[in-house]
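# What the coordinates show
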Amino acid sequence: MKIELLLILPLLTIFFNCSNTTTNNYEIQSPNSSNRIVIKLNDAVPEYSVYHNDVPVITPSKLGIALRSQPDFSQGLEITDAVQSSFDETWEQPWGVQRLIRNHYNELRLTLVTTAEPRRKLVVVFRAFDDGVAFRYEFPEQGHLNDFVIMDELTEFNLPADNESWWIGAYQWNRYEYLYEHTPVSSVGKSHTPFTMQTADGLCLSIHEAALTDYASMTLENRGGNSLKCDLVPWAEGDKVRAAAPHVSPWRTIQIADKPGDLITSYLILNLNEPSRITDTNWIQPGKYVGIWWGMHIGTFTWGSGDKHGANNANVKRYIDFAAEHGFPGVLVEGWNTGWDGDWVANGNIFSFTEAHPDFDLPELSRYAAEKGVRIIGHHETSKGIGNYETQVEAAFQLYQDYGINTVKTGYVGHGQNIQRYENGEPTDHLEWHHGQYMVNHYRKVTELAARYGIMLDVHEPIKDTGIRRTWPNLMTREGARGQEFNAWSEDGGNSPDHTTTIPFTRCLAGPFDFTPGIFDLHFTEAGRPANRVSTTLAKQLALYLTIYSPLHMAADLPENYTGQPAFEFIKMVPTDWERTEVLNAAISQYLIIARRDRHSADWFLGSITDESPRNFQVALTFLEPGRTYRATIYADGPHADWDTNPYAVTIFEQEVTSATVLSLKLAPGGGQAIRFTPTD
Ligand code: NOJ
């Protein structure tokens, strides 16, 4: 069912404690009263604070907007109106980690007006949820505010203590693709969001944004001590946001969780996005894929012409055969088009998105794929040649539609700031960031166009997810972090064992991640990469299908590396669309045990991973349906398994369990465990 279900919409007033404009103190509580936002004017400057169970989480922090060349909303403000409301609905996702999501909050809309003439209006909307708080700025249509340029958003996030934090630096050449830093807040540089923290008392917090639309993305600036401030990614000329009233900012979000796992099952970001703009979502189908891809990363294939060109007809047919034999609906083919020869990272302006490489026969290969019940997944690497791409993208989607291709992986490789801006189809001298308003708008344009052509997207080098998949559910998954590919070629040898135990609590709070798990050949000595490797056990590669969510998950290794591997059965059967998700145990950056129920059967799956430390857990299977017996098929680290010295040892065994069973999990250093539970009755 692809409808939004409106269940109840009661108007509650007991949660509000609004004063009149004399005291200018306002307060709003979440439905269960655990979270509270207090707003007041301090010397005509608005400030907010946040409390969780009466403990301060955010101490008084400024709000406001600085505009270019006109009086702005940074001071001299009064509150002229306060409107309260309450909302409670349960809506259904077309795909995801949880089918039904409750959106339950209390809202307070404060109208701020400048005391100086012309009296201009800014509305700040606050929402208090049981899993966090959010607020956004609205610029209503009004006589004295037409076109405007935001030069700074003054939003602060002042913290009562120097919390532990996990973050990646903003304004770096490799965009979001860094290992996470783990420092006290006071040592944070400029940081991307989601920005995750844990207090000394164990409370978990994540600052991010929701519904990033026609605005610059938010990074966080450390202002010394425990004070963070919104820092909007600028246009080349230094403007932050170019807009015209009416306009809205994205939601500033603070997820608040008593334990780490509750951050993962918080749907606050999705709830703050608009319902789907695509009415018939039946064509949007999660699934798994294989592809001509890993070979390029370990150097056995090339994207460009030559003896090793991966996307040749015979090789593509081999992958299609493999996908058909093992039940994978998609085959990604990179390097199918012209423009890859030479330095493709610098070739952004010569890619063709409609002309195939001479040894790639699109009509024949798409016919062959259809005959086998498989679809090719298309690929558009732009190397950040935005103008070149925008002039071709519609024809390119049309071509794919003509040949039955309904999923496209896009890519924007290149330095984080060096995107050449196009205006009216012409290049300019201005260089934009991947994460400023110009690119936010480009990514959205492509998403909306793709929807018109019935195309699902997997965006690499993307703008971070802010829940837009609720509004545009054809935007399935993204990269936006260090993925598996770093293990193939990164100069530091690859991702450390704690990278995969960190991202569920950081990057993945934003949304699905096309990490591309499932590498079975963990060393690449034969491929000539002795200094690189995958720093996990083989069982942990299986568990990643559960601990990282993506509606499109890849079986990333070469087909020959799956041959004769009993563990491959798990990758074949693990779903990518879930009825429900429960976190059973978690510690940020150390370990995660997560259970998910298949959306299309009564099966449950469990994934468990650890960092470099071996760990033993006792897990109560209370999530299983009481009174039923299940066959657990367990893929565990084998005897003496160790990511470093003995990564391939896997033990596969079966056991009968019920909801009363307490299962012992034994994870090797850098290890993991993956389990399927199937009812036997
Ligand atoms: C970087 C992407 O992350 C990777 O998946 C892709 O293969 C290359 N760009 C080429 O497009």
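Definitions and cut-offs
- Residues numbered from 1 in each chain as written.
- Predicted model: local features only at pLDDT ≥ 70, side-chain atom pairs only at ≥ 80, totals over all residues.
- Heavy atoms only, no water.
- Near = heavy atom within 4 Å.
- Polar contact = N/O pair within 3.5 Å; in protein donor to acceptor, adjacent residues only side chain to side chain.
- Areas by Shrake-Rupley, 256 points an atom, 1.4 Å probe, with all protein chains shown as cover.
- Nonpolar A, V, L, I, M, F, W, Y, C, P; charged D, E, K, R; others polar.
- Core = buried A, V, L, I, M, F, W, Y, C linked by side-chain atoms within 4.5 Å.
- Buried < 20%, exposed > 50% of the residue type's maximum accessible area, 1.4 Å probe, protein only.
- Helix = DSSP H or I, 4+ residues; strand = E, 2+ residues; numbered from the N terminus.
- Domains from an automatic or database assignment.
- Contact = heavy atoms within 4.5 Å.
- Expected span 1.5 Å × (residues − 1).
- Axes fitted to C-alpha atoms, helices over the stretch in contact; angles between N-to-C directions.
- Parallel < 35°, antiparallel > 145°, perpendicular 65-115°, else oblique.
- Left-handed = near helix turned anticlockwise from the far one by under 90°.
- Phe/Tyr/Trp six-rings, centres within 6.5 Å; stacked < 30°, edge-to-face > 60°.
- Lys NZ or Arg CZ within 6 Å of the ring centre and 35° of its normal.
- Salt bridge = Lys/Arg side-chain N within 4 Å of Asp/Glu carboxyl O.
- Bend = angle between axes of the 7 residues up to and from the residue.
- Buried area = accessible area lost by both parts, 1.4 Å probe.

Around the ligand, the surrounding shell holds 14 residues, and the nearest of these are Glu 334, Glu 381, Lys 409, His 460 and Glu 479. A distance of 3.3 Å is found between an oxygen atom of the ligand and a side-chain nitrogen or oxygen belonging to His 379. One of the side-chain N or O atoms of Glu 485 is found 2.9 Å from an oxygen atom in the ligand. The protein chains hide 97% of the 300 Å² of surface that the ligand would expose on its own. Its residues assigned to classes, the shell around the ligand comprises five nonpolar, three polar and six charged.

Formed by 175 residues in total, the largest nonpolar core has its most connected members in Tyr 48, Phe 126, Phe 157 and Phe 397. When residues of this core are assigned to their parent elements, the largest contribution, eight residues, is made by helix H7 (residues 437–452). When residues are assigned to domains, this core turns out to be shared by domain 1 (2–271) and domain 2 (288–567), each giving three or more. In contact with Phe 397, other than residues within four places in its own chain, are His 380, Tyr 389, Val 408, Val 446, Leu 449, Ala 450, Tyr 453, Ile 455 and Leu 457. The next biggest cluster of nonpolar side chains, apart from the first, holds 21 residues, and it includes Leu 606, Phe 617, Val 619 and Phe 677.

Further remarks concern H7. Between its terminal C-alpha atoms H7 stretches 23 Å, which fits the 22 Å expected from 16 residues at 1.5 Å a residue. Counting buried positions along H7 yields twelve of 16 residues, so the element is predominantly enclosed. Within H7, the full set of buried residues consists of Gln 437, Tyr 438, Met 439, Val 440, His 442, Tyr 443, Arg 444, Val 446, Thr 447, Leu 449, Ala 450 and Ala 451. Considering only its buried residues, H7 is in contact with strand E19 (241–244), helix H6 (386–402), strand E26 (419–423), strand E27 (426–432), strand E28 (456–459) and strand E29 (475–478). With its phi angle positive at about 65 degrees, Gly 454 sits one or two positions after the end of H7.

Below, the discussion takes up unusual backbone geometry. For the bond running from Glu 117 to Pro 118, omega is -10 degrees, close enough to zero to count as cis. One can find Pro 118 in the loop between strand E8 (100–114) and strand E9 (121–129). The residue after Ala 245, namely Pro 246, is reached through a cis peptide bond having omega 0 degrees. The backbone of Ala 211 shows a phi angle near 60 degrees, a positive value even though the residue is not glycine. Mapped onto the secondary structure, Ala 211 falls in the loop between strand E16 (204–210) and strand E17 (218–222). One non-glycine residue, Asn 424, adopts positive backbone phi at about 50 degrees. Among the structural elements, Asn 424 can be located in the loop between E26 and E27. Here Asn 424 falls in the exposed class, since its relative accessible area comes to 80%.

Their axes nearest at 10 Å, the elements H6 and H7 cross at an angle of 15 degrees. Looking at the two axes, H6 sits roughly parallel to H7. Once H6 is placed against H7, the crossing between them reads as right-handed. Of the residues in H7, those touching H6 at Ile 386, Tyr 389, Glu 390, Val 393, Glu 394, Phe 397 and Gln 401 are Tyr 438, Met 439, His 442, Lys 445, Val 446, Leu 449, Ala 450 and Arg 452. For the contact of H6 with H7, the class distribution of residues is nine nonpolar, two polar and four charged.

As enumerated under the stated definition, the model contains 34 aromatic pairs in all. Look at Phe 570 and Phe 605: their rings are 6.0 Å apart centre to centre, the planes differ by 65 degrees, and that puts the pair in the edge-to-face class. Here Phe 570 is found in helix H12 (residues 568–573), whereas its partner Phe 605 is found in strand E35 (residues 604–610), with 35 residues between them in sequence. Among the aromatic residues, ring-to-ring pairing joins Trp 303, Trp 340, Trp 344, Phe 351, Phe 353, Tyr 389, Tyr 412 and Tyr 443 into one connected group. Note that Lys 317 overlies the ring of Tyr 368, its terminal NZ or CZ placed 4.8 Å from the centroid.

Turning to the environment of Asn 388, a few remarks are in order. By the element assignment, Asn 388 lies in helix H6. Between the alpha carbons of Asn 388 and Ala 602 there is a distance of 47 Å; along the sequence they are 214 residues apart. Look past the residues within four positions of Asn 388 in its chain and what remains in contact with it is Gly 348, Asn 349, Ile 350, Phe 351, Phe 353 and Tyr 422.

The next thing to look at is the pattern of salt bridges. Within this structure, the stated rule accounts for 43 salt bridges. With a shortest N-O distance of 2.8 Å, Arg 99 and Glu 92 are connected by a salt bridge. What makes Glu 92 buried here is its relative accessible area of 5%. Where Asp 611 meets Arg 615, a salt bridge forms, and the shortest distance between an N and an O atom there is 2.9 Å. Residue class for Asp 611 comes out buried when judged on its relative accessible area of 11%. Through salt bridges with shared partners, one network takes in Arg 68, Glu 237, Asp 239, Arg 242, Arg 421, Glu 423 and Glu 432.

Our next topic: H6. Each α-helix winds once per 3.6 residues, and so residues spaced three or four apart point in a common direction. Taking 1.5 Å of rise per residue, 17 residues should cover 24 Å, and H6 covers 24 Å from first to last C-alpha, within 8% of that figure. Along its length, H6 reaches its greatest deviation from straightness, about 50 degrees, at Val 393. Three or more residues of H6 are buried, namely Ile 386, Gly 387, Asn 388, Tyr 389, Gln 392, Val 393, Ala 396, Phe 397, Leu 399 and Tyr 400. Where H6 terminates, the next one or two residues include Gly 404, which has phi positive at roughly 75 degrees.

So, on to the side chain of His 208. Among the secondary structure elements, His 208 is positioned in strand E16. Judged by its relative accessible area of 1%, His 208 falls in the buried class. Side-chain polar atoms of His 208 contact the backbone oxygen of Asp 465, separated by 2.8 Å. In contact with His 208, not counting residues within four places along its chain, are Thr 193, Pro 194, Met 218, Trp 251, Arg 252, Thr 253, Ile 269, Lys 464, Asp 465, Thr 466 and Ala 510.

Time to look at the domain arrangement of the protein chain. For the protein chain, the assigned domains read domain 1 (2–271) and domain 2 (288–567). Each of domain 1 and domain 2 has a C-alpha centre, and these two points are 33 Å apart. Between domain 1 and domain 2, the contact holds 49 residues from the first and 51 residues from the second. Each partner contributes to the roughly 4100 Å² buried at the junction of domain 1 and domain 2, and carbon and sulfur atoms together form 62% of this total.

Topologically, Asn 495 is positioned in the loop between helix H8 (485–489) and helix H9 (499–502). A polar atom in the side chain of Asn 495 sits 2.8 Å from the side chain of Arg 482.

Here Val 57 lies in strand E5 (residues 55–62). Measuring from C-alpha to C-alpha, the distance between Val 57 and Val 316 comes to 54 Å, with 259 residues separating the pair along the chain. Excluding its chain neighbours within four sequence positions, the residues that come into contact with Val 57 are Val 50, Tyr 51, His 52, Asn 158, Leu 159, Pro 160, Leu 203, Leu 205 and Ile 256.

Packing of helix H4 (residues 313–326) against helix H5 (residues 362–371) brings their axes to within 10 Å, and their N-to-C directions diverge by 15 degrees. Judged by the angle between their axes, H4 and H5 are roughly parallel. When the axes of H4 and H5 are compared, the crossing they make is right-handed. Across from Asn 313, Val 316, Lys 317, Ile 320 and Asp 321 in H4, the residues of H5 making contact are Glu 364, Leu 365, Tyr 368 and Ala 369. By residue class, the composition of the contact of H4 with H5 is five nonpolar, one polar and three charged.

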